[in-house]
Amino acid sequence: MADGRELLYFSDAEAADREGDAGGPGGYSGGSGGAASAVAPPEDPRDLPARPDASELRYDPLTGEWVSFAAHRQARTHLPPADECPLCPSRDGQPTEVPAADYDVVVFENRFPSFGPLQVDLAPEPRLGAVSPAHGRCEVIAFGAGHADSFGDLGPVRARTVVEAWAQRTAELSAMPGVEQVFAFENRGADIGVTLHHPHGQIYAYPYVPARTLTHLGRAAEHRERTGRNLMDDVLEFELGAGERIVERGEHWTVLVPFAARMPIEAHVVPNRHVGSLDELSAAERVELAAVYLRLLRTVDALYATPTPYIAAWFQAPTRHPDRAEARLHLQLTSPRRAENKLKYLAGSEAAMGAFIGDVTPESTAERLRQAAARIGGRA
């Protein structure tokens, strides 16, 4: 890009070829993730300012958490009109973050990153008063050129392209100096706090293992010591045995509402075999994931007459933690929507103490999701 950031194109054609499907028309297909092309990628004609310095990490000794201070993010684009969207393809007189006239899926370094662009193989030291550059990397992944689309509107080939992009970026970012965990996620809807309506997600490469992951790993290690078994294996077995919170069971993936769901709408997508990260998935698992994830998003949107805001978060194994083998890849999709015109807000007990109080039982949520899937013809 004009300021030196990396931009990668991923092609539907390659995703379709993997399934023996000729596919349909797509956008520019060059770049490291797309089909082979002898055409040079479009140049970025903009005159952009220099990239910001790395943000600052500060350690909270009371919680064991790191906080990134990225003051330059105050200047990021906030809910622009559609004709000024920075994720739409470029056109005459309106250059955007994507210099191509069309594209399928594109990934690029965030112009306003919380981590990076500095990359060093040096873990921040967790101690009182510790300050460290927030090295790492933040990327944006745009799911398509259509401004008014959502992920649930995508076809199976495009969804597979996104899965391939997630997997490729997970592998590449995990190999970068100082990266401890890769986190892919999507925020959808103004009620979640999105700043751009164009369908997109983000990928963070953290320079430390986040506190939530450390909690998961600690619980898994305790479970292993006590039972000799993997915790997520037993969680999946427990849910399958109960049955009432299962939304869909496929050959490779299971969709369920967890026993202790915190949010009014919460669904987890779990691989049926133990796998740590997206790049470790087999071709068959990636094909089924694209279909299962599309059905889940369409099912969630079928619950109400208007689109439901959500956060979709991929929990992956950290890159080099000693308990990495205990971590199982899974998606957690959550929404604060507890009724047609009501949201659950994280107030006193939840926000301050982390002590959640549920408004909706997980069993009723699972039943509503199964009914919604049946209405739209989804398999459940």
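Residues numbered from 1 in each chain as written. Predicted model: local features only at pLDDT ≥ 70, side-chain atom pairs only at ≥ 80, totals over all residues. Heavy atoms only, no water.

1. Thoughts on unusual backbone geometry
- Cis geometry is adopted by the peptide bond preceding P117, which originates at G116 and carries an omega value of 10 degrees.
- Relative to the assigned elements, P117 resides in the loop between β4 (105–109) and β5 (131–133). (Helix = DSSP H or I, 4+ residues; strand = E, 2+ residues; numbered from the N terminus.)

2. Quick word on the sheet that holds β5
- Across the sheet, three strands lie side by side as β3-β2-β5; this open sheet has antiparallel pairing. For this open sheet the edge positions go to β3 (65–69) and β5, each flanked by a neighbour on one side alone. In this sheet, adjacent strand axes meet at a mean angle of 30 degrees when their direction is disregarded.
- Where strand β2 (residues 56–60) and β5 come together, three bridges link them in antiparallel fashion. Along β5, the bridge assignment pairs E56 with P133. (Pairing = 2+ DSSP bridges. Axes fitted to C-alpha atoms, helices over the stretch in contact; angles between N-to-C directions.)

3. Examining the sheet that holds strand β10 (residues 253–256)
- Strand order in the open sheet made by the ten strands is β1-β4-β6-β8-β7-β12-β13-β11-β10-β9, with antiparallel pairing throughout. What marks the edges here is a single partner per strand, and that holds for β1 (7–10) and β9 (246–249). Across the sheet, the axes of successive neighbouring strands diverge by a mean angle of 15 degrees, strand direction being ignored.
- Where strand β6 (residues 137–142) lies against strand β8 (residues 200–206), six bridges are found, and the strand directions are antiparallel. Looking at β8, one finds that A142 is bridged to H200.

4. Considerations on the environment of R224
- Structurally, the position occupied by R224 is in helix α3 (residues 211–227).
- On the basis of relative accessible area, R224 is assigned to the partly exposed category, the value being 33%. (Buried < 20%, exposed > 50% of the residue type's maximum accessible area, 1.4 Å probe, protein only.)

5. Side note on the side chain of H330
- Along the chain, the position of H330 falls in strand β13 (residues 330–335).
- Among the polar contacts made by the side chain of H330, one reaches the main-chain carbonyl oxygen of R328 at a distance of 3.0 Å.
- At 3.1 Å, the side chain of H330 and the side chain of Q332 are in polar contact.
- Among residues more than four places away in sequence, those in contact with H330 are M232, H268, V269, V270, P271, A313, W314 and F315. (Polar contact = N/O pair within 3.5 Å; in protein donor to acceptor, adjacent residues only side chain to side chain. Contact = heavy atoms within 4.5 Å.)

6. Focus on the pairing of β8
- Across the seven residues that make up β8, a large majority, seven, are buried.
- Where burial is concerned, the two faces of β8 agree: the one with H200, Q202, Y204 and Y206 and the one with G201, I203 and A205 are both buried.

7. A closer look at the confidence of the model for the chain
- Per-residue confidence for the chain gives a mean pLDDT of 91; residues scoring 70 or more make up 93%.
- Here residues 20–26 is modelled with pLDDT under 50, and outside its nearest four sequence neighbours on either side it reaches six contacts, counting other chains as well. (pLDDT = per-residue confidence, 0-100.)

8. A look at helix α2 (residues 156–174)
- If you check α2, its first and last C-alpha atoms are 27 Å apart, about what 19 residues at 1.5 Å a residue would give, namely 27 Å.
- Counting buried positions over the 19 residues of α2 gives 14, a clear majority of the element. (Expected span 1.5 Å × (residues − 1).)

9. Considerations on the packing of aromatic side chains
- Using the criterion set out here, one finds 18 aromatic pairs in the structure.
- Ring centres of F151 and Y293 lie 5.0 Å apart, and the angle between their planes is 70 degrees; on these two criteria the pair is classed as edge-to-face. Note that F151 is positioned in the loop between β6 and α2 and Y293 in helix α5 (residues 283–301), a separation of 142 residues in sequence. Y293 shares its class with F151; the two are buried.
- Between the aromatic rings of W166 and W314, the centroid separation amounts to 5.8 Å while the plane-to-plane angle is 65 degrees, which identifies the pairing as edge-to-face. With W166 in helix α2 and W314 in strand β12 (residues 310–315), this residue pair connects regions lying 148 residues apart in the sequence.
- Among the residues examined, W166 registers a relative accessible area of 5% and is labelled buried.
- Look at W314 and you get buried, because its relative accessible area is 2%. (Phe/Tyr/Trp six-rings, centres within 6.5 Å; stacked < 30°, edge-to-face > 60°.)

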